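# Examining the three-dimensional arrangement
Listed here are the chains, written in short residue letters.
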Amino acid sequence: MAAMMSLCRNFGKVGLSNRMTIGNPCLAALSNRNKTFLENRIVPSSQNGVKKFTLNHKALAETSSCKSADDHTRLWTIERSLALSLVPLVPSAFMFPSAAMDYLLAISFTLHAHWGLETIVVDYLRPKVVGPALAKLGVALVYGISAFTLGGLFYFNYSDVGIVNAIKMLWKL
């Protein structure tokens, strides 16, 4: 119990600023002037002898915005849009089989898998952990796998029965 109270007491002193800067790359890149600006906006309040620190929401709005965050937000929106578009696309490809639907499925599945694999590689093969060469090699490998997959699916659609008809043939077995 004493260790828990000590942890609660020291949380605001040690953990808050580190968690904020590590968790958000835009805040981690702030200059020292902006860091002290943020620290001045952290307001301590006491409840039952335990100090709680809250960050004024205006403090984050007044700091300079991170331009790279906008690009990631746009990409995330496109990824979610593709994932949602797969919901009606897959059943409609089985209801109305055609070469165009097979190619659309090949592109959609490959792009969806590429973004998922790229996210895993970028998250786990960070340059600070494994070095910049291995991180770049991992991302290049993902691009190679994605290109090979898309080429293989296109070849299968062109020279064989197509994705949808192949799945239907497997279901008949």
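Above this text you will find the structure in question.
Presented here is an overview of the structure given in this document.

## Quick notes on the overall build of the protein chain
- Regarding its fold elements, the protein chain presents nine helices and two strands.
- Tracing the protein chain from N to C terminus, the helices and strands come up as α-α-α-β-β-α-α-α-α-α-α.
- Buried positions account for 23% of the 173 residues belonging to the protein chain.
- Within the protein chain, contacts between residues separated by at least 24 positions form 53% of all contacts whose residues are at least 6 apart in sequence.
- Just so you have it, the protein chain exposes about 12600 Å², and 67% of that area is on carbon and sulfur atoms.

## Observations regarding helix H9 (residues 163-172)
- All buried positions along H9 are accounted for by Ile-163, Val-164 and Ala-166. Projection of H9 onto a plane perpendicular to its axis shows the buried side chains occupying an angular sector of 165°, all on one side.

## Details of the pattern of salt bridges
- Going through the model one piece at a time under the given rule, you end up with one salt bridge.
- One salt bridge in this structure joins Arg-80 and Glu-79, with 3.5 Å as the shortest N-O distance.
- Of the residues examined, Arg-80 reaches a relative accessible area of 36% and is grouped as partly exposed.
- The class of Glu-79 is buried, set by a relative accessible area of 13%.

## Looking at the packing of helix H6 (residues 99-124) against helix H8 (residues 132-159)
- Where H6 meets H8, the axes come as close as 9 Å, and the angle between the chain directions of the two elements is 165°. What the angle tells us is that H6 and H8 run roughly antiparallel. Classified by chirality, the crossing of H8 by H6 is right-handed. Facing H6, whose interface residues are Asp-102, Tyr-103, Ala-106, Ile-107, Thr-110, His-114, Leu-117, Glu-118, Val-121 and Val-122, H8 presents Gly-138, Val-139, Val-142, Tyr-143, Ser-146, Thr-149, Leu-150, Leu-153, Phe-154, Asn-157 and Tyr-158.
- By residue class, the composition of the contact of H6 with H8 is 13 nonpolar, six polar and two charged.

## Observations regarding the environment of Gly-162
- The topology assignment puts Gly-162 in the loop between H8 and H9.
- We classify Gly-162 as buried; its relative accessible area is 0%.
- Along the backbone, Gly-162 and Tyr-103 are 59 residues apart, and their C-alpha atoms lie at a distance of 8.5 Å.
- Non-local contacts of Gly-162, meaning those with residues more than four positions away in its chain, are made with Asp-102, Phe-156 and Asn-157.

## Structural notes on the nonpolar core
- Ranked by size, the top nonpolar core spans nine residues in total: Leu-86, Leu-89, Ala-93, Phe-94, Met-101, Leu-105, Ala-106, Ile-163 and Val-164.
- Where this core is concerned, the elements lending two or more residues are helix H5 (67-95), H6 and H9.
- Not counting residues within four places of it along the chain, the set of residues in contact with Leu-105 comprises Leu-89, Val-90, Ala-93, Ile-163 and Val-164.

## Examining a nonpolar patch on the surface
- On the surface, Leu-117, Ile-120, Tyr-124, Leu-141 and Ile-145 cluster together into a nonpolar patch covering about 530 Å² of accessible area.
- Contributions of two or more residues to the nonpolar patch are made by H6 and H8.
- No other element matches H6, which puts three residues into the nonpolar patch.
- Relative to the elements of secondary structure, Leu-141 occurs in helix H8.
- Judged by relative accessible area, Leu-141 falls into the exposed class, the value being 53%.

Parameters and conventions
- Residues numbered from 1 in each chain as written.
- Predicted model: local features only at pLDDT ≥ 70, side-chain atom pairs only at ≥ 80, totals over all residues.
- Heavy atoms only, no water.
- Helix = DSSP H or I, 4+ residues; strand = E, 2+ residues; numbered from the N terminus.
- Buried < 20%, exposed > 50% of the residue type's maximum accessible area, 1.4 Å probe, protein only.
- Contact = heavy atoms within 4.5 Å.
- Areas by Shrake-Rupley, 256 points an atom, 1.4 Å probe, with all protein chains shown as cover.
- Arc of directions from axis to C-beta.
- Salt bridge = Lys/Arg side-chain N within 4 Å of Asp/Glu carboxyl O.
- Axes fitted to C-alpha atoms, helices over the stretch in contact; angles between N-to-C directions.
- Parallel < 35°, antiparallel > 145°, perpendicular 65-115°, else oblique.
- Left-handed = near helix turned anticlockwise from the far one by under 90°.
- Nonpolar A, V, L, I, M, F, W, Y, C, P; charged D, E, K, R; others polar.
- Core = buried A, V, L, I, M, F, W, Y, C linked by side-chain atoms within 4.5 Å.
- Patch = residues over 30% accessible without salt bridge, like charges linked within 9 Å, V, L, I, M, F, W, Y side chains within 5 Å.

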